[in-house]
Amino acid sequence: MSLEKLKPQIETIVANSEKTVDERLLAICELLEKHVEYYNWVGFYFRNGTKEELHLGPYVGAPTDHTIIPFGKGICGQVAVSNQNFVVPDVAAQDNYIACSITVKSEIVVPIFVNGENIGQIDIDSNTIDPFTEKDERFLEFVNKKIAEIL
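Let us look at the structure shown here. (Residues numbered from 1 in each chain as written. Predicted model: local features only at pLDDT ≥ 70, side-chain atom pairs only at ≥ 80, totals over all residues. Heavy atoms only, no water.)

### Some remarks on the packing of aromatic side chains
Right, so step 1: Summed over the entire model, instances satisfying the criterion amount to six aromatic pairs.
Right, so step 2: Arranged with centres 5.1 Å apart and planes meeting at 25 degrees, the rings of Trp41 and Tyr59 form a pair that is stacked. Pair noted here: Trp41 is in strand 1 (residues 41–47) and Tyr59 is in strand 2 (residues 53–60), with a separation of 18 residues, a long-range link.
Right, so step 3: Residue classification places Trp41 among the buried positions, given a relative accessible area of 7%.
Right, so step 4: Aromatic rings pair up to connect Tyr38, Tyr39 and Phe132 into one cluster. (Phe/Tyr/Trp six-rings, centres within 6.5 Å; stacked < 30°, edge-to-face > 60°. Helix = DSSP H or I, 4+ residues; strand = E, 2+ residues; numbered from the N terminus. Buried < 20%, exposed > 50% of the residue type's maximum accessible area, 1.4 Å probe, protein only.)

So this is what it looks like as structure tokens:
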């Protein structure tokens, strides 16, 4: 399914106030992992209170030991500091990469902003080398803007 066709489904999930925020975030993870063939692990990390670390939120995919990530460490930790999207076409070529699974070949991380503050991010791993394009970045920015409305 094309990323554009997923946008109305994202809006529907976000608008469903009968579900908790975490339930809606998990539903978004499930939707993306199911309908984008190269999205093999989809999850959210959020700033852990006032600490300089990220805490794992809802996700789908293989279990991970990386439930807490210090700012600056790994791709997610770097995005927490830079406030910029980070696309890694080949994780084997990345120095500051935290290996979650031997099957992961690439990663994209896009920050979530609420009132101009980076409060978390969506993190997607792929078992394919270099699948992410600018369309993925723009789509995930759309997803995060919608999510920011309920955070």
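### Things to note about the sheet that holds strand 6 (residues 117–126)
Right, so step 1: The antiparallel open sheet is built from six strands, whose spatial order is 3-2-1-6-5-4. Across the chains shown, the open sheet's two edge strands, defined by having one partner strand only, are strand 3 (68–70) and strand 4 (86–88). Neighbour-to-neighbour, the strand axes of this sheet turn through a mean angle of 25 degrees, independent of strand direction.
Right, so step 2: When strand 4 meets strand 5 (residues 106–114), the two strands line up antiparallel, connected through three bridges. Following the sheet pairing, Val87 is matched in strand 5 by Ile108.
Right, so step 3: This element, helix 2 (residues 21–35), spans strand 1, strand 2 and strand 6 of the sheet and lies at about 60 degrees to strand 2. (Pairing = 2+ DSSP bridges. Axes fitted to C-alpha atoms, helices over the stretch in contact; angles between N-to-C directions. Contact = heavy atoms within 4.5 Å.)

### Notes on helix 1 (residues 3–15)
Right, so step 1: The end-to-end C-alpha separation of helix 1 is 19 Å, in line with the 18 Å expected for 13 residues at 1.5 Å each.
Right, so step 2: Taken residue by residue, helix 1 has Leu3, Leu6, Ile10, Ile13 and Val14 as its buried positions.
Right, so step 3: On its buried face, helix 1 is in contact with helix 2 and helix 4 (134–148). (Expected span 1.5 Å × (residues − 1).)

### Thoughts on the pattern of salt bridges
A side chain of one charge can pair with a side chain of the opposite charge if their charged atoms are brought near each other.
Right, so step 1: In total, this model carries seven salt bridges according to the counting rule given.
Right, so step 2: The salt bridge partner of Lys146 is Glu11, with a shortest N-O separation of 3.7 Å. Here Lys146 is found in helix 4, whereas its partner Glu11 is found in helix 1, with 135 residues between them in sequence.
Right, so step 3: Taking relative accessible area as the criterion, Glu11 reaches 35% and is therefore assigned partly exposed.
Right, so step 4: The residue Glu149 makes a salt bridge to Lys146 at a minimum N-O spacing of 3.6 Å. (Salt bridge = Lys/Arg side-chain N within 4 Å of Asp/Glu carboxyl O.)

### Here we look at the pairing of strand 2
Right, so step 1: Here strand 2 lies mainly inside the structure; six of its eight residues are buried.
Right, so step 2: The loop that links strand 1 with its antiparallel partner strand 2 comprises five residues; one of these, Gly49, has a positive phi angle of about 60 degrees.

### Points about the packing of helix 1 against helix 2
Right, so step 1: At a closest axis distance of 9 Å, the pairing of helix 1 and helix 2 adopts a crossing angle of 160 degrees. Judged by the inter-axis angle, helix 1 sits roughly antiparallel to helix 2. Here the hand of the crossing between helix 1 and helix 2 comes out right-handed. Residues Leu6, Gln9, Ile10, Ile13 and Val14 of helix 1 pack against Arg24, Ala27, Ile28, Leu31, Leu32 and His35 of helix 2.
Right, so step 2: A breakdown of the residues in the contact of helix 1 with helix 2 according to their chemical character gives eight nonpolar, two polar and one charged. (Parallel < 35°, antiparallel > 145°, perpendicular 65-115°, else oblique. Left-handed = near helix turned anticlockwise from the far one by under 90°. Nonpolar A, V, L, I, M, F, W, Y, C, P; charged D, E, K, R; others polar.)

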